[in-house]
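# Observations on the three-dimensional arrangement
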Number of protein chains: 2
Amino acid sequence: MSTKHELKGLPEDADLRRADSLAREIFSDVANKWAFLIVEALGERTLRFSELRDEVEGVSHKMLTQNLRMLERNGLVDRKVHPTVPPRVEYTLTAAGRGLRATVDAMCGWTHEHLGHIEDARRRFDA
Amino acid sequence: MSTKHELKGLPEDADLRRADSLAREIFSDVANKWAFLIVEALGERTLRFSELRDEVEGVSHKMLTQNLRMLERNGLVDRKVHPTVPPRVEYTLTAAGRGLRATVDAMCGWTHEHLGHIEDARRRFDA
DNA sequence: CAGCATCCCATTTGATACTG
DNA sequence: CAGTATCAAATGGGATGCTG
């Protein structure tokens, strides 16, 4: 963690709290359906905006831009603009982004593993 | 996967599609800030409603109930009502819930690992 | 093509009050 | 204590039109 320590010599608890609140903030940013689906869609590939829109089924132009901005801001995707005409913008996961992807993958795996259990639970609950 | 096959002898693609769409649905249910924070807070413990509300900082009464219902419906938390007065309701992760928790934990770990990178990316972006 | 801005409706969320 | 109901406020999200 590259966080600079406080000048005033505060207990490092202060740093921990700052880190935790940031973590929570990031967590909230990223723990969202579209972000996950975008990260999943990108995987190891580099995709253009329009390719992503096709890939992430059901996402609107607006949500895609919004989430891409957010992911870029948090250093999870790399946005490369080719100054051609027509413009060409490519998105790729950064190292951090690939790290996140691993956890999202795990979650997908988890979902599939427990599909049966979940379907059953739902039937029971809905009755 | 315990899904029963269709009577009509449809190609198993049909099952796969059903499974995928269910997975996506679950994914959407669960890929939400509060659900994650609740699962994290529960961990290996059994907590009462009010304890959870204190534990998950910032969650409103309503969001907590709503997400707990959702998690219960999907078979991720077990809800045990003690018919005492005053009432006592306890929540615990099921096996499936603990599986999800593992992936959420991974995501927390990931967040902490990349805090520095993310902070930097943000500063750069916001400028 | 990518993306910003705007308008507008739908959903989510929080605060409050009420019940078993 | 746990949970439901209700209303208002905030946010999410789609559609459209405009720009480089």
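Residues numbered from 1 in each chain as written. Chains lettered and ligands numbered in written order. Predicted model: local features only at pLDDT ≥ 70, side-chain atom pairs only at ≥ 80, totals over all residues. Heavy atoms only, no water.

Per an unreviewed UniProt entry, chain A is named Transcriptional regulator, and its organism is Streptomyces kanamyceticus.

Strand-to-strand pairing in sheets goes through backbone hydrogen bonds, with the strands running parallel or antiparallel. All names here are of chain A. Strand order in the open sheet formed by three strands is β1-β3-β2, with antiparallel pairing between adjacent strands. Looking at strand neighbours, the two that pair on one side only are β1 (47–48) and β2 (77–82), the edges of this open sheet. Examined bridge by bridge, β1 and strand β3 (residues 88–93) share two bridges and lie antiparallel to one another. Across the sheet, the residue bridging to leucine 47 is tyrosine 91, located in β3. Across the sheet, helix α4 (residues 61–73) touches β2 and β3, and the angle it forms with β2 is around 110 degrees. (Pairing = 2+ DSSP bridges. Helix = DSSP H or I, 4+ residues; strand = E, 2+ residues; numbered from the N terminus. Contact = heavy atoms within 4.5 Å. Axes fitted to C-alpha atoms, helices over the stretch in contact; angles between N-to-C directions.)

Moving on, we get to the interface of chain A and chain B. Contacts between the two partners involve 49 residues from chain A, matched on the other side by 49 residues from chain B. Taken over both partners, the interface formed by chain A and chain B buries close to 4600 Å², and the fraction arising from carbon and sulfur atoms is 67%. Remark: the boundary between chain A and chain B carries five salt bridges. For Arg73(B), the salt bridge identified is with Asp126(A), shortest N-O distance 2.4 Å. Linking chain A to chain B there are twelve residue pairs in polar contact (both at pLDDT 80 or more). Those elements that place two or more of their residues in the side of chain A that touches chain B are α1 (13–30), α2 (33–42), α4, α5 (95–113) and α6 (115–126) of chain A. Tallying contributions element by element places α1(A) first for the side of chain A that touches chain B, with twelve residues. (Buried area = accessible area lost by both parts, 1.4 Å probe. Salt bridge = Lys/Arg side-chain N within 4 Å of Asp/Glu carboxyl O. Polar contact = N/O pair within 3.5 Å; in protein donor to acceptor, adjacent residues only side chain to side chain.)

This part covers the protein's contact with DNA strand D. As a matter of local geometry, DNA strand D sits amid 16 residues, with Ser60(A), Lys62(A), Ser50(B), His61(B) and Arg79(B) nearest to it. Within the side chain of Ser60(A), one N or O atom sits 2.5 Å away from a phosphate oxygen of DNA strand D. Between DNA strand D and the protein, one listed contact pairs a base oxygen with a side-chain N or O atom of Lys62(A) at 2.3 Å. At the level of elements, α4 of chain A together with α3 (49–55), α4 (61–73) and β3 (88–93) of chain B are the ones that each hand at least two residues to the surface near DNA strand D. The element best represented in the surface near DNA strand D is α4(B), accounting for four residues. (Near = heavy atom within 4 Å.)

Turning next to the relation of the copies chain A and chain B. One chain copy maps onto the other through a rotation about an axis and a shift parallel to that axis. Its rotation angle being 180 degrees, the transformation that places chain A on chain B also includes 0.0 Å of axial translation and leaves an RMSD of 0.2 Å. The superposition operator between the copies reduces to a two-fold rotation axis. Interface overlap between copies: 100% of the residues of chain A at the interface are likewise at the interface in chain B, consistent with a symmetric, same-surface contact. (Least-squares fit on C-alpha atoms with pLDDT ≥ 70 in both.)

Turning next to the protein's contact with DNA strand C. Close contacts around DNA strand C come from 16 residues, with Ser50(A), His61(A), Arg79(A), Lys62(B) and Met63(B) the closest. Residue Ser50(A) places a side-chain N or O atom 2.6 Å away from a phosphate oxygen belonging to DNA strand C. The contact in question runs from a phosphate oxygen of DNA strand C to an N or O atom on the side chain of Tyr91(A), over 2.9 Å. Elements with a contribution of two residues or more to the surface near DNA strand C: α3 (49–55), α4 and β3 of chain A together with α4 of chain B. The element best represented in the surface near DNA strand C is α4(A), accounting for four residues. Residues that form the surface near DNA strand C fall into these classes: seven nonpolar, four polar and five charged. (Nonpolar A, V, L, I, M, F, W, Y, C, P; charged D, E, K, R; others polar.)

Let us now look at the packing of helix α2 (residues 33–42) of chain B against helix α5 (residues 95–113) of chain B. Residues and elements named next belong to chain B. It is the contact of α2 with α5, at a shortest axis distance of 9 Å, that shows an interaxial angle of 105 degrees. Viewed along their axes, α2 and α5 adopt a mutual orientation that is roughly perpendicular. Where α2 approaches α5, its residues Phe36, Val39 and Glu40 are matched on the opposing element by Gly97, Leu100, Arg101, Val104, Asp105, Met107 and Cys108. Grouping the amino acids of the contact of α2 with α5 by side-chain chemistry returns six nonpolar, one polar and three charged. (Parallel < 35°, antiparallel > 145°, perpendicular 65-115°, else oblique.)

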